[in-house]
Amino acid sequence: MIRDERPLINANLRWFLLAMILANVAGQMGYSMLSLYMVDLGADVAQVGLAFTLASLVPTGLQILGGWLSDTIGRLRSIAIGSFISVFGWLIFFIAPSWQWVPIGLGLDHVSSSIVGPSFSAYIAEQCGEEERGRVFGLTKSVYMIVTVVGPALAGFLAYRLGFRSMMFVAFTLFAAATVVRIWMGSAARFAPQRRPARPTMEGLRTQMGGMFGLLLAGGILTWIWVTDAIGDTAFNLIGQLYPLYMVDIGGLNVEQIGWLNASWGAATVLASALAGWLTDRRSERTVITAGFLFEAAGMVILLQAGALPGFLVAMVVFGLGVGCLIPAYDSLISKVVPDDRRGLAYGLFGTSLGLLSLPFPWIGAQLWERIGPPAPFWVTVAASVISAPIAWLKFVRPEKDGAPATTLGGEGTAAEPSLD
């Protein structure tokens, strides 16, 4: 028997991950402190929520376009275009004279997430076979998620000792370096895609969209992936910008301690992602996803009961374990139920539709905070995770992994294939 000695992460993925790590260390640095940075520039909690809500309009409108471009002109070219635009957003973060400038930077940076995001998991799926996809997703996401350890800790250290402006300068520099690497990868012949890039046309977009909506509305796994994503995204958008404010106001922590707590969340996510990828290949995606939702709910409950640094530390670690379970398992599952020439569009369509649902939730979260109390939006998020867990266990069934009837993949009247051509 001949053993396959190929590394799980090939040379293309290593360069790909280098650029992603540089860009997302910058992202974790900036976004882990952005709400506090806005307060430092003169914003109140309601204005912070409003700024994040307005900025979310950008990915809501562009992610379908980003996914379609990824499927037509190629993953790496799309990433290079998005990164080039986004670097100007980071420049605005650095030079912003008042908090009103921050939503402009957010809007430009969200162009990157709109175009880069749909390409990320689609490119990884193209670089590996289905039988090893869970491990590859787990390993690449673990390496990539190192940013959630380094970024917040570095941000807290710099912001506490040198101030927010110096921290934002370092983040801008890192993102600019990532952009240089991405432009090189998008133009170099050694990274040319196997599928020949196509010319983007409106007719092609309509055709691809029709096929994707058919898959999404068929009542199978893809439908329920969207449902659980919708529940989770809307709930977590309630609290995304409120974490650091909660830790300052309720826990009495300083920005350096918040940075280390965010880093502990990242370390737990990295560890869980690697293990979850292996478990996904050995067991099934639904097992890992169900466990992820339960970990998230438990972490949030612990956070709400915590009153000091040790309690917050335990909460962030448990919550990080949940996120680490969900990331590779979801990506592996989506890549297996969506045809390879529509993966970018699938990720973009998910992002756009969920963005529309989530649009007002940062503002709603701020209103719950101010009108009911700081714990209110966090309890809503606990409920969302508890609701999602049984849905995942009952509906995320693949015949070849779980011994289910053939109709579970596509819904009534659809073929039992993991991808439809």
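All values derive from a computational prediction rather than experimental measurement.

A closer look at the overall build of the chain
For step 1, the next point in the chain: Counting its secondary structure elements, the chain contains 18 helices and 0 strands.
For step 2, the next point in the chain: Sequence separation of 24 or more characterises 85% of the internal contacts of the chain that already satisfy a separation of 6 or more.
For step 3, the next point in the chain: Here the chain displays about 17,200 Å² of accessible surface, and carbon together with sulfur accounts for 66% of that area.

Topic: the environment of Val 48
For step 1, the next point in the chain: Residue position: Val 48 is located in helix α2 (residues 45-55).
For step 2, the next point in the chain: The buried category is assigned to Val 48, whose relative accessible area is 1%.
For step 3, the next point in the chain: In this structure, the C-alpha to C-alpha distance between Val 48 and Leu 34, residues 14 residues apart in sequence, is 9.1 Å.
For step 4, the next point in the chain: Discounting chain neighbours no more than four positions away, the residues touching Val 48 are Ser 35, Met 38, Val 39, Ala 43 and Gln 241.

A short note on the nonpolar core
For step 1, the next point in the chain: Grouped together as the largest cluster of nonpolar side chains are 80 residues, with contacts concentrated most on Phe 16, Tyr 243, Met 247, Leu 303 and Phe 378.
For step 2, the next point in the chain: The element contributing the most residues to this core is helix α1 (residues 11-40), with 14 residues.
For step 3, the next point in the chain: If sequence neighbours within four positions are ignored, Leu 303 has contacts with Tyr 243, Tyr 246, Met 247, Phe 312, Ala 315, Met 316 and Phe 378.
For step 4, the next point in the chain: Counting residues in each nonpolar core, the second largest holds 22 residues, with Ala 122, Phe 293, Leu 333 and Val 338 among its members.

Things to note about the environment of Ala 384
For step 1, the next point in the chain: Its place among the elements puts Ala 384 in helix α17 (residues 376-395).
For step 2, the next point in the chain: Here Ala 384 falls in the buried class, since its relative accessible area comes to 7%.
For step 3, the next point in the chain: Between the alpha carbons of Ala 384 and Ala 235 there is a distance of 6.3 Å; along the sequence they are 149 residues apart.
For step 4, the next point in the chain: The residues touching Ala 384, leaving out its near neighbours within four places in the chain, are Ile 231 and Ala 235.

Focus: α17
For step 1, the next point in the chain: Its 20 residues give α17 an end-to-end C-alpha distance of 29 Å, which sits within 8% of 28 Å, the value for a rise of 1.5 Å per residue.
For step 2, the next point in the chain: Within the span of α17, buried status applies to Ala 376, Pro 377, Phe 378, Thr 381, Val 382, Ala 384, Ser 385, Ser 388, Ala 389, Ile 391 and Ala 392.
For step 3, the next point in the chain: The inward-facing, buried residues of α17 contact α10 (221-239), α11 (243-249), α13 (285-305) and α16 (361-371).

Things to note about the confidence of the model for the chain
For step 1, the next point in the chain: When the pLDDT values of the chain are averaged, the result is 79; 82% of them are 70 or greater.
For step 2, the next point in the chain: Per-residue pLDDT, averaged within each element of the chain, yields its smallest value for helix α18 (residues 399-402) (52) and its largest for helix α8 (residues 164-187) (92).

Quick look at the layout of surface pockets
For step 1, the next point in the chain: By volume, the second largest pocket amounts to about 160 Å³.
For step 2, the next point in the chain: Along its surface, the second largest pocket is lined by Leu 271, Ala 272, Leu 275, Ala 276, Leu 279, Arg 283, Thr 287, Val 288, Ala 291, Phe 295, Leu 321 and Cys 325.
For step 3, the next point in the chain: Of all the secondary-structure elements, those providing two or more residues to the lining of the second largest pocket are α12 (255-282), α13 and α14 (309-337).
For step 4, the next point in the chain: If one sorts the elements of the lining of the second largest pocket by residue count, α12 sits on top with 5 residues.

A look at the packing of aromatic side chains
Two descriptors summarise a pair of aromatic rings, namely the distance from one centre to the other and the angle between the planes of the rings.
For step 1, the next point in the chain: Under the definition given, this model contains 15 aromatic pairs.
For step 2, the next point in the chain: Their ring planes at 25 degrees and their centres at 5.9 Å tell us that Trp 90 and Phe 175 sit as a pair that is stacked. Here Trp 90 is found in helix α4 (residues 75-95), whereas its partner Phe 175 is found in helix α8, with 85 residues between them in sequence. Neither Trp 90 nor Phe 175 differs from the other in exposure class; each is buried.
For step 3, the next point in the chain: When the ring of Tyr 246 is compared with that of Trp 369, the centres are 6.3 Å apart and the planes differ by 80 degrees; the resulting orientation is edge-to-face.

Topic: a nonpolar patch on the surface
For step 1, the next point in the chain: Nonpolar side chains collect at one region of the surface, where Ile 81, Phe 84, Ile 85, Phe 88, Leu 91, Ile 95 and Ile 183 lie side by side and expose about 580 Å² of accessible area between them.
For step 2, the next point in the chain: Sorting elements by how many residues they give to the nonpolar patch places α4 first, with 6 residues.
For step 3, the next point in the chain: Position of Ile 95 relative to the elements: it lies in helix α4.

Focus on the environment of Lys 395
For step 1, the next point in the chain: Considering the arrangement of structural elements, one finds Lys 395 in helix α17.
For step 2, the next point in the chain: Taking the C-alpha atoms as reference points, Lys 395 and Thr 223, separated by 172 residues in sequence, lie 9.4 Å from one another.
For step 3, the next point in the chain: When residues no more than four places from it in sequence are discounted, the contact partners of Lys 395 are Ile 221 and Trp 224.

Details of the packing of α1 against α4
For step 1, the next point in the chain: Closest axis-to-axis distance for the α1/α4 pair is 12 Å, and the angle between their directions is 30 degrees. Every pair of crossing elements has a handedness; the one defined by α1 and α4 is left-handed. Counted together, Phe 16, Met 20, Ala 26, Gly 27, Gly 30, Tyr 31, Leu 34 and Tyr 37 of α1 and Leu 76, Ile 79, Trp 90, Phe 93 and Phe 94 of α4 form the full contact between these two elements.
For step 2, the next point in the chain: Residue classes in the contact of α1 with α4 are distributed as 11 nonpolar, 2 polar and no charged.

A look at the side chain of Thr 179
For step 1, the next point in the chain: Position of Thr 179 relative to the elements: it lies in helix α8.
For step 2, the next point in the chain: Among the polar contacts listed, one links the side chain of Thr 179 to the side chain of Ser 83, at a separation of 2.8 Å.
For step 3, the next point in the chain: From its side chain, Thr 179 meets the backbone oxygen of Phe 175 in a polar contact 3.0 Å long.

Things to note about helix α7 (residues 147-161)
For step 1, the next point in the chain: The end-to-end C-alpha separation of α7 is 21 Å, in line with the 21 Å expected for 15 residues at 1.5 Å each.
For step 2, the next point in the chain: Those residues of α7 that fall on the buried side of the exposure criterion are Val 147, Thr 148, Gly 151, Pro 152, Ala 153, Ala 155, Gly 156, Leu 158 and Ala 159.
For step 3, the next point in the chain: On its buried side, α7 packs onto α1, α6 (133-144), α8 and α12.
For step 4, the next point in the chain: Phi turns positive, to about 105 degrees, at Gly 163, one or two residues after α7.

So, the packing of α1 against α2
Each packed pair of helices is defined by two parameters, the angle between the axes and the distance between the axes.
For step 1, the next point in the chain: Interaxial distance between α1 and α2 falls to 9 Å at its minimum, and their mutual angle equals 130 degrees. With respect to each other, α1 and α2 are oriented oblique. Handedness of the crossing formed by α1 with α2: right-handed. Contact residues: Tyr 31, Leu 34, Ser 35, Met 38 and Val 39 in α1; Gln 47, Val 48, Ala 51 and Phe 52 in α2.

Each value, and the rule that gives it
- Residues numbered from 1 in each chain as written.
- Predicted model: local features only at pLDDT ≥ 70, side-chain atom pairs only at ≥ 80, totals over all residues.
- Heavy atoms only, no water.
- Helix = DSSP H or I, 4+ residues; strand = E, 2+ residues; numbered from the N terminus.
- Contact = heavy atoms within 4.5 Å.
- Areas by Shrake-Rupley, 256 points an atom, 1.4 Å probe, with all protein chains shown as cover.
- Buried < 20%, exposed > 50% of the residue type's maximum accessible area, 1.4 Å probe, protein only.
- Core = buried A, V, L, I, M, F, W, Y, C linked by side-chain atoms within 4.5 Å.
- Expected span 1.5 Å × (residues − 1).
- pLDDT = per-residue confidence, 0-100.
- 1 Å grid on protein atoms, 1.4 Å probe; cavity = no way out; pocket = protein on both sides within 12 Å on 5 of 7 lines; lining within 4 Å.
- Points joined across faces, edges and corners; volume = space filled by probe spheres on them.
- Phe/Tyr/Trp six-rings, centres within 6.5 Å; stacked < 30°, edge-to-face > 60°.
- Patch = residues over 30% accessible without salt bridge, like charges linked within 9 Å, V, L, I, M, F, W, Y side chains within 5 Å.
- Salt bridge = Lys/Arg side-chain N within 4 Å of Asp/Glu carboxyl O.
- Axes fitted to C-alpha atoms, helices over the stretch in contact; angles between N-to-C directions.
- Left-handed = near helix turned anticlockwise from the far one by under 90°.
- Nonpolar A, V, L, I, M, F, W, Y, C, P; charged D, E, K, R; others polar.
- Polar contact = N/O pair within 3.5 Å; in protein donor to acceptor, adjacent residues only side chain to side chain.
- Parallel < 35°, antiparallel > 145°, perpendicular 65-115°, else oblique.

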